[in-house]
Amino acid sequence: MKLKLSAQLDFESTSSAITLALFAPKHSNEFKLCVSINSSQILLVENDPYLKKKISEHRIIDTDHHKGINDIQISCDGQVVASASDDSTIELTHLNLGKLSTCISHTAPVTAIKFSSKGNILFSGSLDENLKSWNLSASGILTQESINNELLITGPLKTMSAHSDCIISLDVPFFDSSILATGSYDGLIRIFDTSNGNCLKTLTYDKDWANDGHVRPIVKVSFSVNGKYLLVKSLDGVVKLWDYLQGRVVRTFHDEEKQLPINNHITGLDFLYSGETEDSKVYVVNGTQNGRLEIFDVMTKNKVVDVEISKNSVSNVKVMGSDKIYCLDTDNRLFLYTVEM
Amino acid sequence: MAVNLLLHDPFCVLKDYPEDYSGIINTYPFKAVKQKFNPTGDYLAIGCSDGSIMIYDADTMKLILYLGNNRMLDGEIVSNKSSFFNTPACTMKNHTLSVQSLKWSSCSRYIISAGKDAKVKIWDLSCKFDCFITNSKMPIASATSCSCHNFEFEFAIWDARFYQDENKYAILCASGSCIPIILEIESGIKSKFLNLETMSYSNDNEETVNFLNDMIENEKKYGNCVSIELVDEICIVGTSKGWLMVYDLTVISSIRLIGFAKFCASSIKNIIMSDKKKHLFINSSDRVIRQCDITFLKQNNEPGFKNANIEFKHKYQDVINKLQWNSMSLSSHSGEFLIASAHGSTNETGLFLWDTSNASLVKIYENAGEELSDIDWDANKMCIVASGVDSGDIFCWSVNLPPKWASLAPDFEEVDEQVNYVEKEDEFDEFDEDLIKKDQLKFENEINLLNLLTLDKTDVRGNKNVCDLTFKIPISYQDIVHLRDNIEK
């Protein structure tokens with residue numbers, strides 16, 4: 001397997017861009033990509049999967065955030081961009097209709113958001129250690145009475161006290177949002193039932209997890225496409241694949257010779273599927289803190305690609321289809337790599 | 001599909017029927033008369049006494065879609081929408097009288113409804129939208145024209161169903177005849193099941209031929225068809241005079257009668273056949289629900305069936321009060337449990353649940369405190385919903401999944417009794433990092449089968465997993481914006 005740099009976009013920014021969102025459904029040619037370029041603006045790349053256009057030709061979405069944006073998600077129908085910010089709010093912006101709503105309830109920066117598979121619920125995790133779910137439907141449509149009660153997003157549907165330290169990442173399975181996984185700095189991975197907010201399972205790396213000195217903060221959780229496995233990255237850069245039903249790690253992806261000193265950079269991680277059938281190959285694409293992009297074969301655990309793409313850390317990685325990898329580094333550059341099998 | 005069930009206590013998840021009352025769905029100001037979950041249990045469609053049809057999200061139990069033109073908003077929104085988004089304006093109007101029947105198509109994209117206003121409507125839930133939820137393997141092209149349909153009849157329509165998965169035909173049960181109507185949805189051609197030209201007599205025995213001739217000549221003798229059940233290609237029709245007819249629709253152009261019997265002297269109100277086409281439940285006005293075994297004989301050379309045999313098995317009735325049954329519903333798969341709502345019931349009664357293997361009464365659901373009519377049993381969420389006759393609210397019973405406190409820490413365990421703590425030999429030994437790593441490596445190497453791609457075919461409860469092949473109702477952002485603007489004014 002080889003990686004080829006196909007395009008690169010450099011953009012100016014006052015802070016380091018760390019968020020990247022991708023919308024590219026399998027059965028259509030639609031393509032949308034969002035990058036936060038400063039504390040209140042989001043760059044929207046529309047229908048340009050090869051990144052051929054210049055920055056100035058793309059649309060910029062203005063939000064009301066006044067501190068940095070931590071996470072962006074595009075809704076399952078590609079119409080709404082949700083942004084979570086350090087100012088403790090989440091904003092929903094419709095691409096044609098403008099701003100839809102602001103979700104205010106978190107008391108600390110919101111770090112991770114995710115839409116449910118039916119598109120009507122938004123989940124958010126925050127540094128305030130809580131997990132919230134927000135209903136996104138026009139329930140008020142029916143009568144004037146109900147308008148006052150349950151219009152749009154006035155408050156969260158549910159709040160779950162989730163962890164004893166900040167939540168950094170969360171994910172729901174693509175087809176089924178009945179469960180939700182969170183990764184926190186307290187070193188625990190938790191799985192919640194989204195219908196009632198109960199915790200269903202707690203996973204941890206460390207045998208003596210309660211002992212403070214040994215906690216390895218979790219920075220990324222990601223479900224496999226069928227929702228049966230959970231890919232987890234801790235702050236030290238070790239990537240593990242959990243069979244969460246059995247509560248065991250079934251794969252560890254880690255290059256011990258290249259162990260880096262731990263710093264606070266959160267780096268990107270994603271799955272790469274070569275096809276849709278059961279015997280298709282599955283890879284894990286991992287960005288590192290020293291600017292490398294690594295690809296592991298999930299079956300054999302072999303590292304099939306290891307290239308240096310940047311001098312700084314690779315803050316986000318998103319895979320589209322079976323051959324395109326979009327990555328973002330902290331020097332505010334967006335790369336498109338194509339995979340040659 | 002629900003992955004969360006895999007992580008709950010299996011003894012709670014695998015209950016055969018819901019045990020706990022879980023409250024009501026308030027449909028005010030509308031009165032619910034019919035309610036139906038979609039095949040995946042994601043949405044609940046509610047038909048109301050004024051002809052409205054609403055769709056609730058089953059997770060949040062909040063209204064997400066109102067079909068047709070909402071009179072409360074004077075149709076203002078609809079006109080705004082079409083001008084802004086250039087989507088085809090849907091001109092479908094609501095039923096003007098109470099909804100009589102409500103059914104989802106297998107892909108969850110269409111709903112077929114019949115009303116007391118003698119209209120049958122087919123609703124395309126995608127018709128007001130041009131962007132769809134993409135978490136589905138079912139490709140949906142943006143609609144160029146509205147694919148909703150409205151069919152008017154001169155006589156009352158009791159029930160309407162989609163025939164098979166392609167949603168090309170609908171089977172209607174209309175008064176005025178004992179023979180149901182088949183409707184070609186695209187062209188709107190309505191024809192009766194049996195007319196002399198299309199009937200094939202070749203394989204039928206003399207008895208069937210005589211019966212058919214008699215039925216066509218003296219339709220009145222057999223009453224009106226009032227209930228219908230459609231499982232795969234088998235259609236069972238019940239008439240107001242207690243006759244039951246079984247049709248084979250394998251070849252839609254030549255529908256064949258494969259069984260008939262007179263069950264009782266009074267009208268047949270509901271018919272249910274279990275998914276595996278083995279059991280048949282017939283609710284008639286004579287206050288009895290009859291359970292029968294049904295068997296089909298295959299044709300020798302041609303596709304389809306030759307004969308259907310119906311064998312009486314059990315009777316269900318309220319021995320004390322002799323109540324009539326309003327409606328009934330069956331648990332999924334082999335139909336192990338039957339639930340029925342009693343007519344004119346008081347506070348003490350409500351829904352009756354029986355075990356169908358031995359016809360024994362298992363449970364009476366009493367919480368509603370009023371008479372209940374229509375029942376739907378959703379197998380995915382293991383939830384029973386029934387509409388109240390007086391209040392028009394929907395009462396729900398579901399399985400309670402208790403919180404798992406032990407899951408809050410990785411090594412907690414819930415115990416039923418006090419357990420004496422015995423320290424294990426190596427419990428407080430220091431872990432040898434290398435040894436743990438080696439063990440883990442060995443374990444990882446032993447696993448060479450990892451399926452990260454394909455979904456399970458069934459969920460824990462044995463329901464077919466079709467969540468990636470069903471339609472997800474888009475969110476109408478225009479309504480949100482419209483409402484927000486209204487409030488700001």
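Residues numbered from 1 in each chain as written. Chains lettered and ligands numbered in written order. Predicted model: local features only at pLDDT ≥ 70, side-chain atom pairs only at ≥ 80, totals over all residues.

1. Re the overall build of chain B
Okay, step 1: Each helix and strand counted, chain B has six helices and 28 strands in total.
Okay, step 2: Expressed as a percentage of the 489 residues in chain B, the buried residues total 43%.
Okay, step 3: Long-range contacts, defined as pairs at least 24 residues apart, comprise 52% of the intrachain contacts of chain B with a sequence gap of at least 6. (Helix = DSSP H or I, 4+ residues; strand = E, 2+ residues; numbered from the N terminus. Buried ≥ 20, exposed ≤ 12 C-beta atoms within 10 Å, placed from the backbone. Contact = placed C-beta atoms within 7 Å.)

2. Overview of the overall build of chain A
Okay, step 1: A tally of regular secondary structure across chain A gives one helix and 28 strands.
Okay, step 2: In terms of overall dimensions, chain A is globule-like: its C-alpha atoms have a radius of gyration of 19 Å, near the 20 Å expected for 341 residues.
Okay, step 3: With respect to the principal axes defined by its C-alpha atoms, chain A has extents near 65 × 50 × 40 Å.
Okay, step 4: For chain A, long-range pairs separated by at least 24 residues make up 47% of all intrachain contacts whose partners lie at least 6 apart in sequence. (Rg over C-alpha atoms; globule rule 2.2 N^0.38 Å.)

3. Focus on the pairing of strand E9 (residues 98–104) of chain A
All names here are of chain A.
Okay, step 1: Bridging between strand E8 (residues 89–94) and E9 involves six bridges; their strand directions are antiparallel. Paired with Thr-89 across the two strands is Ile-104, which belongs to E9.
Okay, step 2: Hairpin connection of E8 to E9: three residues between the antiparallel strands. (Pairing = 2+ DSSP bridges.)

4. Concerning the interface of chain A and chain B
You'll often see interface size given as the accessible area lost when the parts meet.
Okay, step 1: With 65 residues of chain A at the interface, the matching set in chain B holds 53 residues.
Okay, step 2: The greatest single-element share of the side of chain A that touches chain B, amounting to six residues, is contributed by strand E17 (residues 199–204) of chain A.
Okay, step 3: When the residues that make up the side of chain A that touches chain B are grouped by side-chain class, the tally is 32 nonpolar, 22 polar and 11 charged. (Nonpolar A, V, L, I, M, F, W, Y, C, P; charged D, E, K, R; others polar.)

5. Here we look at the sheet that holds strand E14 (residues 225–231) of chain B
Two pairing modes exist for strands in a sheet, parallel and antiparallel, and in both the strands are linked by backbone hydrogen bonds.
Residues and elements named next belong to chain B.
Okay, step 1: Strand order in the open sheet formed by four strands is E14-E15-E16-E17, with antiparallel pairing between adjacent strands. For this open sheet the edge positions go to E14 and strand E17 (256–262), each flanked by a neighbour on one side alone. Each adjacent strand pair in this sheet contributes to an overall mean axis angle of 15 degrees, direction not counted.
Okay, step 2: Of the strand pairs in this sheet, strand E15 (residues 234–239) and strand E16 (residues 243–248) are connected by five bridges, and their pairing is antiparallel. Of the residues in E16, the one forming a bridge with Ile-234 is Asp-248. (Axes fitted to C-alpha atoms, helices over the stretch in contact; angles between N-to-C directions.)

6. Describing helix H5 (residues 433–446) of chain B
Okay, step 1: Taking 1.5 Å as the rise per residue, H5 of chain B with 14 residues should run 20 Å; its terminal C-alpha atoms sit 20 Å apart, in good agreement.
Okay, step 2: Counted residue by residue, H5 of chain B has zero buried out of 14 residues, so it is predominantly exposed. (Expected span 1.5 Å × (residues − 1).)

7. A closer look at the confidence of the model for chain B
All names here are of chain B.
Okay, step 1: Here chain B shows a mean pLDDT of 82. Residues at 70 or above account for 89%.
Okay, step 2: In the model of chain B, helix H3 (residues 76–85) stands out as the element of lowest mean pLDDT, 42, in contrast to strand E2 (residues 32–37), which has the highest, 94.
Okay, step 3: Across residues 73–87 the pLDDT falls below 50, and counting only partners more than four positions away or on other chains, this stretch makes 18 contacts in the model. (pLDDT = per-residue confidence, 0-100.)

8. Considering the nonpolar core
Okay, step 1: By size, the foremost hydrophobic cluster in this structure holds 106 residues, and its most contacted members are Cys-34, Leu-230, Val-285 and Cys-327 of chain A.
Okay, step 2: Looking at this core, the element that brings in the most residues is strand E28 (residues 333–340) of chain A, giving five residues.
Okay, step 3: Leu-63, Cys-235, Trp-325 and Val-385 of chain B belong to the second largest nonpolar core, which has 104 residues in total. (Core = buried A, V, L, I, M, F, W, Y, C linked by C-beta atoms within 7 Å.)

9. Observations concerning unusual backbone geometry
Glycine aside, residues mostly have negative phi angles, and peptide bonds mostly take the trans form.
Residues and elements named next belong to chain B.
Okay, step 1: Positive phi is not limited to glycine here, since Ser-108 has a value of about 70 degrees.
Okay, step 2: Within the fold, Ser-108 resides in the loop between strand E6 (99–104) and strand E7 (110–115).
Okay, step 3: Positive phi values are uncommon outside glycine, yet Ala-118 reaches one of about 60 degrees.
Okay, step 4: Looking at where Ala-118 falls in the secondary structure, it is placed in the loop between E7 and strand E8 (119–124).
Okay, step 5: By the C-beta count within 10 Å, which is 19 here, Ala-118 ends up partly exposed.

10. A few points about the sheet that holds strand E9 (residues 149–152) of chain B
Residues and elements named next belong to chain B.
Okay, step 1: If you walk across this open sheet you meet the four strands as E6-E7-E8-E9, and the pairing is antiparallel. Whereas interior strands pair on both sides, the edge strands pair on one side only; in this sheet they are E6 and E9. Across the sheet, the axes of successive neighbouring strands diverge by a mean angle of 15 degrees, strand direction being ignored.
Okay, step 2: Inspection of the sheet shows E8 paired to E9 by four bridges, in the antiparallel sense. Bridged to Lys-119 within E9 is Glu-152.

11. Description of the pairing of strand E19 (residues 279–284) of chain B
Residue and element names in this part refer to chain B.
Okay, step 1: Buried residues dominate E19, accounting for six of its six residues.
Okay, step 2: Along E19, one buried face is formed by His-279, Phe-281 and Asn-283 and the opposite face, lined by Leu-280, Ile-282 and Ser-284, is buried too.
Okay, step 3: Here strand E18 (residues 268–273) folds back onto E19, and the loop between the two strands holds five residues, one of which, Lys-277, carries a positive phi near 60 degrees.
Okay, step 4: As paired elements, E19 and strand E20 (residues 288–298) share six bridges and run antiparallel to each other. Within E20, the residue paired with His-279 across the bridge is Asp-293.
Okay, step 5: Where E19 folds back onto E20 in an antiparallel hairpin, the turn is made up of three residues, including Arg-287, whose phi is positive at roughly 70 degrees.

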